[in-house]
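Structure assessment
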Amino acid sequence: MQQKQVFATKGNLIATKKSLSIAKMGYELMDRKRNILVREMMTLVDKVKMLRDEITVAYENGYYLLQQANVSTGVISNIAEQVAVEKTVKLTYRSVMGVEIPTVSYTPSDKIKIEYGLEESNSRVDEAFVQFQKVKELTMVIAEVDNSVYRLANAIRKTQKRANALKNIVIPDFEATIKFISESLEEKEREEFSRLKVIKANKEKLKN
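Here the residue numbering is sequential within each chain, running from 1 through the sequence in written order. Where totals are concerned, whole chains, interfaces and linings use all residues; where local detail is concerned, this predicted model gives features only for residues with pLDDT of at least 70, and gives and counts side-chain atom pairs only at 80 or more. Only hydrogens and water are set aside; all other atoms, that is, all heavy atoms of the structure, feed into the side-chain values.

**Things to note about the environment of Tyr-150**
The criterion, for reference: The helix and strand labels rest on DSSP assignments: H or I over at least four residues marks a helix, E over at least two residues marks a strand, and numbering proceeds from the N terminus. With a 1.4 Å probe rolled over the protein chains alone, any residue whose accessible area is under 20% of its type maximum counts as buried; one over 50% counts as exposed, and the rest are partly exposed.
Assignment of secondary structure puts Tyr-150 in helix H3 (residues 123-207). Classification of Tyr-150 by relative accessible area gives exposed; the value is 59%. Sequence separation between Tyr-150 and Met-41 is 109 residues; the distance between their C-alpha atoms is 8.9 Å.

**Observations concerning the pairing of strand S1 (residues 90-96)**
Consecutive side chains of a regular strand alternate in pointing toward one face of the sheet and then the other. Formally: The pairing criterion is simple: DSSP has to find at least two bridges between the two strands.
Sheet topology places S1 next to strand S2 (residues 99-105); 7 bridges connect them, and they run antiparallel. If you follow Val-96 over to S2, its bridge partner there is Val-99. Turn length for the S1-S2 hairpin, with the two strands adjacent in sequence and antiparallel, is 2 residues, and the turn residue Met-97 shows positive phi of about 50 degrees.

**Points about the nonpolar core**
Keep this limit in mind: Throughout this description, the term nonpolar core refers to a set of buried Ala, Val, Leu, Ile, Met, Phe, Trp, Tyr and Cys residues connected via side-chain atoms within 4.5 Å. Throughout, a residue-residue contact means that at least one pair of heavy atoms, one from each residue, lies within 4.5 Å.
Formed by 18 residues in total, the largest nonpolar core has its most connected members in Leu-37, Val-99, Val-145, Val-149 and Leu-152. Listed by contribution, the elements that provide at least two residues to this core are helix H1 (10-73), S2 and H3. Ranked by residue count, the leading element in this core is H3, at 8 residues. If sequence neighbours within four positions are ignored, Val-149 has contacts with Met-41, Leu-44, Val-45 and Val-48.

**Comments concerning the packing of aromatic side chains**
In plain terms, the rule: Each Phe, Tyr or Trp ring (for Trp, its six-membered ring) is paired with any other whose centre lies within 6.5 Å, and the angle between the two planes then decides the class: stacked below 30 degrees, edge-to-face above 60, tilted in between.
A full pass over the atoms with the stated rule returns 2 aromatic pairs. Measuring from centroid to centroid gives 5.9 Å for Tyr-59 and Tyr-63, while their planes differ by 20 degrees, and the two rings are stacked. Note that Tyr-59 and Tyr-63 are positioned in helix H1 at a spacing of 4 residues, about one turn of the helix. You can call Tyr-59 partly exposed: its relative accessible area is 29%. On the numbers, 5.6 Å between centres and 75 degrees between planes, the contact of Tyr-63 with Phe-132 is edge-to-face. A residue pair is termed long-range when its members are at least 10 positions apart, and Tyr-63 in helix H1 and Phe-132 in helix H3 qualify at 69 residues. Here the aromatic residues Tyr-59, Tyr-63 and Phe-132 are joined through ring pairs into a cluster of three or more.

**What to know about the packing of H1 against H3**
To keep it simple, the criterion reads: In this description, a line fitted to the C-alpha atoms serves as the axis of each element, helices being fitted only across the stretch in contact, and the angle between N-to-C directions of two axes falls anywhere from 0 to 180 degrees. Angles are sorted into four bins: roughly parallel if under 35 degrees, roughly antiparallel if over 145, roughly perpendicular if 65 to 115, and oblique for all others. Here is the rule for handedness: rotate from the far helix to the near one, and if that takes an anticlockwise turn smaller than a right angle the crossing is left-handed, while a clockwise turn gives right-handed. Charged residues are taken to be Asp, Glu, Lys and Arg, nonpolar residues to be Ala, Val, Leu, Ile, Met, Phe, Trp, Tyr, Cys and Pro, and polar residues to be all remaining types, Gly included.
Between H1 and H3, the shortest axis-to-axis distance is 4 Å and the interhelical angle comes to 165 degrees. If you check the angle between H1 and H3, you find them roughly antiparallel. In the packing of H1 onto H3, the handedness of the crossing is left-handed. Split by residue class, the contact of H1 with H3 holds 40 nonpolar, 16 polar and 16 charged.

Below is the structure:
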């Protein structure tokens, strides 16, 4: 490591030691933040694995029921147009070590409301409609979890980068500077001691 130019003074030594202490504290905080974020992300990753399996099955069942509904009633695009767009979905955020994690919420009805005319549908359509209500709920959940994992992974990468910079560059640089100043001051003290010793010896000779 190349030693940066610094004047070997006691003031600089005190200032550098203070900077080193702050850098070490910063590294500890970054490391603690990284560990907390990793734990949070791993919890969500496990949740994603279960959700992906569940939503895959939900979509497969949904499309199968939709196909059956099409077979029994013909193309059901007219029925689909009668289904209202979901407007109760809300997006809020919670903070995990300064990282904004999204939370998707909506207000489900106590009872599933059939929004299309019964005269132009049948039980197959109803089954597909109910199944896609489940698909909708799972999609919102997995969207929330996926986005949270992405944000956490990005924050972990940045935190790790800063922690590495402190550990491998900043802290060693301060330590090298402290060593350089300390050794320079010790050398100056030895030189001053030797000079004073010579002066004292010369004075003794003059007295004699």
